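Each chain, written out:
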Amino acid sequence: MSLLVLYAHPASHRSRLNRRLLQEVADLPSVRVHDLYEEYPDFHIEVRREQALLLEHDTIVLQHPFYWYSVPALLKQWMDLVLKHGWAYGEGGTALRGKRWLTAVTTGGPEGAYQAEGLNRFTMRQLLAPIEQTAQLCGMPFLDPFITHGAHRLSDEALATQAKAYRQRLSSLLEGEQPATWARTSNEQR
Amino acid sequence: MNNDNLLYQAFVFLAAAVILVPIAKRLGLGSVLGYLIAGAVIGPFALGLMGDSGGHEVMHFAEFGVVMMLFVIGLELEPARLWRLRLPVLGVGGLQVVLTALAAGGVAMLFGLGVQMATAVGLIIAMSSTAIVMQTLGEKGWTNTEGGQNAFAALLFQDISVIPILAFLPLLATVTPPQGATAHEATVTLVSGLPGWAQTLIVLGAMVGVAVGGRFLVRPAFRAIAKTRLREVFTAAALLLVIGISLLMDQVGLSRALGAFLAGVVLAGSEYRHELEGDIAPFKGLLLGLFFIGVGASIDFHLIAAQPLLILALVALLVIVKLVVLLLLGRVFRMPLNQNFMFSFALAQGGEFAFVLFSLSTSQGILTAAVAGPLVVAVAVSMALSPLLMVAYERLIMPRFVSKRNEHRAADTPDDHNTVIIAGYGRFGQIVGRLLSANGISATVLEADSDQVDLLRRWGNKVFYGDASRLDLLTAAGANQAKVLVLALDSPQKNIEVVHTAKKHFPHLKLMGRAKGRIEAYDLLDAGVEDMQRETFESALRLGMLALRRLGFGAHQAERAVGIFRRHDESALRELAELRRSSDEKAYFSAARERSQMMSKVLQADIADKGDFHDPAWDVESLRTQVPS
């Protein structure tokens, strides 16, 4: 098993949580960290190189902060250019079929804000639907996402616990864990 | 052969140094000990190669080594930094002289000397050797540590206190001076016939003169000389300055070293500081070496052989008394233990001033020859032992503090060495420098055009005059501490020269190079400079992008086209550099021929990659056929 972490944070130097999470897993064996903003500061993504990288790994982790209910701009650019029609989806687009997709996302708001009655009015489940569907279209099982809420208010202890949990999660994925894809509860039906 | 021939003497001195110093250095003993041993070997008590006059002519020059060393030390101490040192100089330095004089004087009284003689001995013993200490600290890179700074402060105070001590000593005379000695020793100066108040005024006047002259006369003079671009004249001017100040100081009865130090401080803020430092450094090093040889040669082995136990006891007492006082002072001034040890071990020896003061004391009837003789030998031996003490500190004591050392280092007074050096501050280097400075990073700049230096300094930039391909100048600019060296010189050959110098002497430096064109880019890559940029490439691409836009490309489309082309060209550049390296083209073709050869290869590569210039991003052609209408 090998795992590719696609890390996308436009201001990694300001990040406390994401950087820590990344550090925690960077030394795991068979994990390759690919820092998109470091690789492509000018947004000129090398599509063939990225596709080759994807082919080399069987689990793809997209680690990023949750910006306007979505991914940071460069990761969106990456999706637009790398996940090409005829390669990742559509006719003949089977390159990624069967590879597992794990979204590891951090949010500023607390968990309670992501509820029907909360500030954001929708659940994470609902807000992540476009990403889940992207994985789906590529034939990639969308794993139970690794979500960290309340990034700005996290205590040092909570940060350490969360980092350990992240490492644990990726380790078990590397060991061949076959988790069910994100299960739906009845009140979350589309 | 005439033994007193200057050339012959120089030959003996240099041969001894060239043979013995590298050996000492190799054994980890440092250069100072090497010179001292060389001196002892060629001295009158061993091989006796120094000629009948005992190498007096060469020694005369050698004294300038100490003067030049203080000039260079002064150059590194801007007045503001000197002002920050006032507490250590007056506190540490003052207490060191007073306490050591009291302690050493007390011990002297135990040996049965009278109060006057004991006072004289104490004051003389309180001096340490500026030359040995500063050279050793510099060699080990400890000058800017807390211990090193305090040691320097104490030495500075000692150098200043020699003047009042010289005036005070004659008052301690108890025995009739030996016949004829007084007339021989007393130097005739401008001020010797004048009353005390007039002497004081003249001395103060001379100091103010050096300070004012340095600022308003010497700096413009150097500027004018720099404009002639004659390097040897600049060197001559630097030497002239040091020698001139020495003469002036002799005339008013001040220490030459102190005058040179003052001149150095005045010029510390000037744009020619690094160049001056670089010009004086070889003379300083060589003459200081000769000076140490002289000290080694002056060790009287006959006296040691005659009274070995007495000399041994005196040396031990001298070193121990000084060590105890210094350690105590270190505690009082709250130096961290490790730094305190460095400070104390550095200063626990007699100094070169002791020789002068002892000979003055004997001639003025303050000390008898029977007292002064063994003490002179003890001081010389303690000076020779001093580098060994530092080696002992480095090997036995310092390792115990290694884990703590870094904390202390962080607390050191920040010196003015920047982490970035920009060589060449013309059209290219300036842009790099401005970008860095806009992001809060200041760079040390080396520029060889004196008009440019003036202009930039007027606008508050930190720019130094000099040729960056010189090792001494790079060292003076702080290449040992810097992280990045930007090669932005106009001349490609010079840039490559700097690369070679830097790679050899500062392997830790990250080099970044400006290349004129492709050939120069290949040369930089060959020399191992991976971070390099062709000076016209980016701007030509941007203009090309504007052309694409005028021709109807969208802004983002043009931007992407440029990005794709840039990537293609850069990878082609590296491939062609590799090809050129493996073939012998460099050797076969003239530069012009190579340029045209290369251009056809580049065009070839463009054609071969033609397909890659097409941008397939957001191409929906294949989708269109699939989407149900």
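Counting from 1, residues in each chain are numbered in the order their sequence is written. Each chain gets a letter, beginning with A, and each ligand a number, beginning with 1, in the order they are written. Per-residue local features are limited, in this predicted model, to residues with pLDDT of at least 70; the limit for side-chain atom pairs, both in listing and counting, is 80 or more; totals at the level of whole chains, interfaces and linings are taken over all residues.

Observations concerning the overall build of chain A
For step 1, the next point in the chain: Starting at the N terminus, helices and strands are each numbered in turn, a helix being any DSSP run of H or I of at least four residues and a strand any DSSP run of E of at least two. A tally of regular secondary structure across chain A gives seven helices and five strands.
For step 2, the next point in the chain: Mapped in sequence order, the helices and strands of chain A form the string β-α-β-α-α-β-α-β-α-α-β-α.
For step 3, the next point in the chain: In this scheme the burial state of a residue depends on its C-beta neighbours within 10 Å: 20 or more other such atoms mean buried, 12 or fewer mean exposed, and anything in between means partly exposed; the C-beta positions come from the backbone. Buried residues in chain A amount to 27% of all 190 residues.
For step 4, the next point in the chain: Sequence-distant contacts in chain A: of pairs separated by 6 or more residues, those separated by 24 or more amount to 80%. We call two residues in contact if the C-beta atoms placed from their backbones are at most 7 Å apart.

A look at the overall build of chain B
For step 1, the next point in the chain: Scanning chain B from N- to C-terminus turns up 29 helices and six strands.
For step 2, the next point in the chain: In chain B, buried positions account for 40% of the 629 residues.
For step 3, the next point in the chain: A separation of at least 24 residues holds for 73% of the contacts in chain B among residues at least 6 apart in sequence.

What about the nonpolar core?
Proteins that are soluble and globular tend to have nonpolar side chains buried together.
For step 1, the next point in the chain: With 163 residues, the main nonpolar core has Met68, Phe71, Ala260, Ile421, Ile422 and Ala423 of chain B as its most contacted residues.
For step 2, the next point in the chain: Counting residues per element, this core draws most heavily on helix α18 (residues 369–397) of chain B, which supplies twelve residues.
For step 3, the next point in the chain: When sequence neighbours within four positions are dropped, the list of residues in contact with Ala423 of chain B reads Leu446, Ala468, Leu485, Val486, Leu487, Ala488, Leu489 and Val498 of chain B.
For step 4, the next point in the chain: Among the nonpolar cores identified, the runner-up in size contains 36 residues, and Leu3, Val5, Ala8 and Leu62 of chain A belong to it. Core membership is restricted to buried Ala, Val, Leu, Ile, Met, Phe, Trp, Tyr and Cys residues, and these are joined into a nonpolar core through C-beta atoms within 7 Å.

Description of helix α16 (residues 337–347) of chain B
For step 1, the next point in the chain: Burial runs high along α16 of chain B: ten of the eleven residues are buried.
For step 2, the next point in the chain: Among all positions in α16 of chain B, only Asn338, Gln339, Asn340, Phe341, Met342, Phe343, Ser344, Phe345, Ala346 and Leu347 of chain B are buried.

What about the confidence of the model for chain A?
For step 1, the next point in the chain: Overall, the prediction assigns chain A a mean pLDDT of 92, with 93% of residues at 70 or greater.
For step 2, the next point in the chain: Under a pLDDT of 50 for its full length, residues 186–190 of chain A has, in the predicted model, three contacts with residues more than four places off or in other chains. By definition, pLDDT measures how confident the predictor is in each residue, and it falls between 0 and 100.

Quick look at the pairing of strand β6 (residues 531–534) of chain B
For step 1, the next point in the chain: Going residue by residue along β6 of chain B, you find Met532 and Arg534 of chain B tucked away on one face and Asp531 and Gln533 of chain B left uncovered on the opposite face.
For step 2, the next point in the chain: A crossover counts as right-handed when, viewed with the strands pointing away from the observer, the path leading from the first strand over the helix to the second turns clockwise. The parallel pair strand β5 (residues 510–515) of chain B and β6 of chain B, bridged by helix α24 (residues 518–526) of chain B, forms a crossover whose chirality is right-handed.

Digging into the sheet that holds strand β1 (residues 420–423) of chain B
Hydrogen bonding along the main chain pairs the strands of a sheet, whether they run parallel or antiparallel.
Residues and elements named next belong to chain B.
For step 1, the next point in the chain: Read from one edge to the other, the open sheet built from six strands follows the order β3-β2-β1-β4-β5-β6, with strand pairing classed as parallel. Each having just a single partner strand, β3 (463–465) and β6 make up the two edges of the open sheet. Neighbour-to-neighbour, the strand axes of the sheet open up by a mean angle of 20 degrees, direction not taken into account.
For step 2, the next point in the chain: As paired strands, β1 and strand β2 (residues 443–447) are joined by four bridges and run parallel to one another. Residue pairing across strands places Val420 opposite Ala443, the latter belonging to β2. Strands pair, by our definition, only if DSSP identifies at least two bridges between them. Each axis is a line fitted through C-alpha atoms, taken for helices only over the stretch in contact, and angles between the N-to-C directions span 0 to 180 degrees.

Structural notes on the sheet that holds strand β2 (residues 31–35) of chain A
Residue and element names in this part refer to chain A.
For step 1, the next point in the chain: Across the sheet, five strands lie side by side as β2-β1-β3-β4-β5; this open sheet has parallel pairing. The open sheet has two edge strands with one neighbour each: β2 and β5 (146–148). Each strand axis lies, on average, 15 degrees off the axis of its neighbour in the sheet, ignoring direction.

Remarks on the pairing of strand β4 (residues 100–106) of chain A
The two faces of a sheet get side chains in turn, since along a regular strand they alternate between them.
Residues and elements named next belong to chain A.
For step 1, the next point in the chain: Burial within β4 is extensive, with seven of its seven residues counted as buried.
For step 2, the next point in the chain: Burial of the side chains of β4 extends over both faces: Arg100, Leu102, Ala104 and Thr106 are buried on one face and Trp101, Thr103 and Val105 on the other.
For step 3, the next point in the chain: The parallel pair strand β3 (residues 59–65) and β4, bridged by helix α4 (residues 73–82), forms a crossover whose chirality is right-handed.
For step 4, the next point in the chain: Pairing between β4 and β5: three bridges, direction parallel. When the sheet's bridge partners are listed, Ala104 is paired in β5 with Phe146.

What about unusual backbone geometry?
For step 1, the next point in the chain: For Trp68 of chain A, which is not a glycine, the phi torsion comes out positive at approximately 45 degrees.
For step 2, the next point in the chain: Within the fold, Trp68 of chain A resides in the loop between β3 and α4.
For step 3, the next point in the chain: Located in the positive-phi region is Arg334 of chain B, a residue other than glycine, with phi close to 55 degrees.

Digging into the packing of α24 of chain B against helix α26 (residues 555–582) of chain B
Any two packed helices are characterised by the angle at which their axes cross and by the distance between the axes.
Residue and element names in this part refer to chain B.
For step 1, the next point in the chain: Where α24 contacts α26, the axes come no closer than 10 Å and their chain directions differ by 70 degrees. With respect to each other, α24 and α26 are oriented roughly perpendicular. In this structure, α24 contributes Arg518, Ala521, Tyr522, Leu525 and Asp526 to the contact, and α26 contributes Leu573, Arg574, Ala577, Arg580 and Arg581.
For step 2, the next point in the chain: Tallied by class, the residues present in the contact of α24 with α26 amount to five nonpolar, no polar and five charged. Roughly parallel here means an angle under 35 degrees, roughly antiparallel means over 145, roughly perpendicular means 65 to 115, and every remaining angle is called oblique. Note on residue categories: nonpolar means Ala, Val, Leu, Ile, Met, Phe, Trp, Tyr, Cys or Pro, charged means Asp, Glu, Lys or Arg, and polar means any other residue, Gly included.

Quick look at helix α7 (residues 156–174) of chain A
Because the α-helix completes a turn every 3.6 residues, residues three or four places apart line up on one side.
All names here are of chain A.
For step 1, the next point in the chain: Here α7 spans 27 Å end to end across 19 residues, near enough to the 27 Å set by a 1.5 Å rise per residue.
For step 2, the next point in the chain: Taken residue by residue, α7 has Gln162, Tyr166, Leu170 and Leu173 as its buried positions. Axial view of α7: buried residues confined to an arc of 70 degrees, hence all on one face. Looking at α7, the residues exposed on the side facing more than 90 degrees away from the buried face are Asp156, Glu157, Thr161, Lys164, Gln168 and Ser172.
For step 3, the next point in the chain: Lining the buried residues of α7 we find β1 (3–7), α1 (17–26), β2, β3, β4 and β5.
For step 4, the next point in the chain: Of the residues one or two after α7, Gly176 is the one with positive phi, at around 95 degrees. Helices are assigned an expected span. That span is 1.5 Å times one less than the residue count. When we speak of the arc, we mean the arc of directions from the helix axis to the C-beta atoms.

Topic: the environment of Ile19 of chain B
For step 1, the next point in the chain: Mapped onto the elements of the fold, Ile19 of chain B is located in helix α1 (residues 6–26).
For step 2, the next point in the chain: Along the sequence, Ile19 of chain B and Tyr35 of chain B sit 16 residues apart, while their C-alpha atoms lie 9.9 Å from each other.

Some words on the packing of helix α25 (residues 537–550) of chain B against α26 of chain B
Residues and elements named next belong to chain B.
For step 1, the next point in the chain: Close contact between α25 and α26 brings their axes to 9 Å; oriented N to C, the two are set at 140 degrees. One element, α25, and the other, α26, form an angle in the oblique class. At the point where α25 passes α26, the crossing takes the right-handed sense. In contact with Leu541, Gly544, Met545, Leu548 and Arg549 of α25, α26 contributes Ala555, Ala558, Glu559, Ala561, Val562 and Arg566. Take the far helix as the reference: if the near one is turned anticlockwise from it by less than a right angle, the crossing is left-handed, and if turned clockwise, right-handed.

Observations regarding the environment of Glu175 of chain A
For step 1, the next point in the chain: As for its placement among the helices and strands, Glu175 of chain A is situated in the segment after α7.
For step 2, the next point in the chain: Distance in space between the C-alpha atoms of Glu175 of chain A and Ser2 of chain A is 9.5 Å, their sequence separation being 173 residues.

So, the confidence of the model for chain B
Residues and elements named next belong to chain B.
For step 1, the next point in the chain: For chain B, mean pLDDT is 81; residues scoring 70 or higher make up 89% of the total.
For step 2, the next point in the chain: Within the model, the stretch residues 179–186 combines pLDDT values under 50 with six contacts to residues more than four positions away or in other chains.
For step 3, the next point in the chain: This stretch, residues 402–415, has a pLDDT under 50; its non-local contacts, to residues over four places away or in other chains, come to 13 contacts.
For step 4, the next point in the chain: We note a pTM of 0.54 for the whole complex and an ipTM of 0.77 for its interfaces.

What about the environment of Ala104 of chain A?
Residues and elements named next belong to chain A.
For step 1, the next point in the chain: Along the polypeptide, Ala104 turns up in strand β4.
For step 2, the next point in the chain: You can call Ala104 buried: it has 23 C-beta atoms within 10 Å.
For step 3, the next point in the chain: With 41 residues separating them along the chain, Ala104 and Gln63 place their C-alpha atoms 4.6 Å apart.

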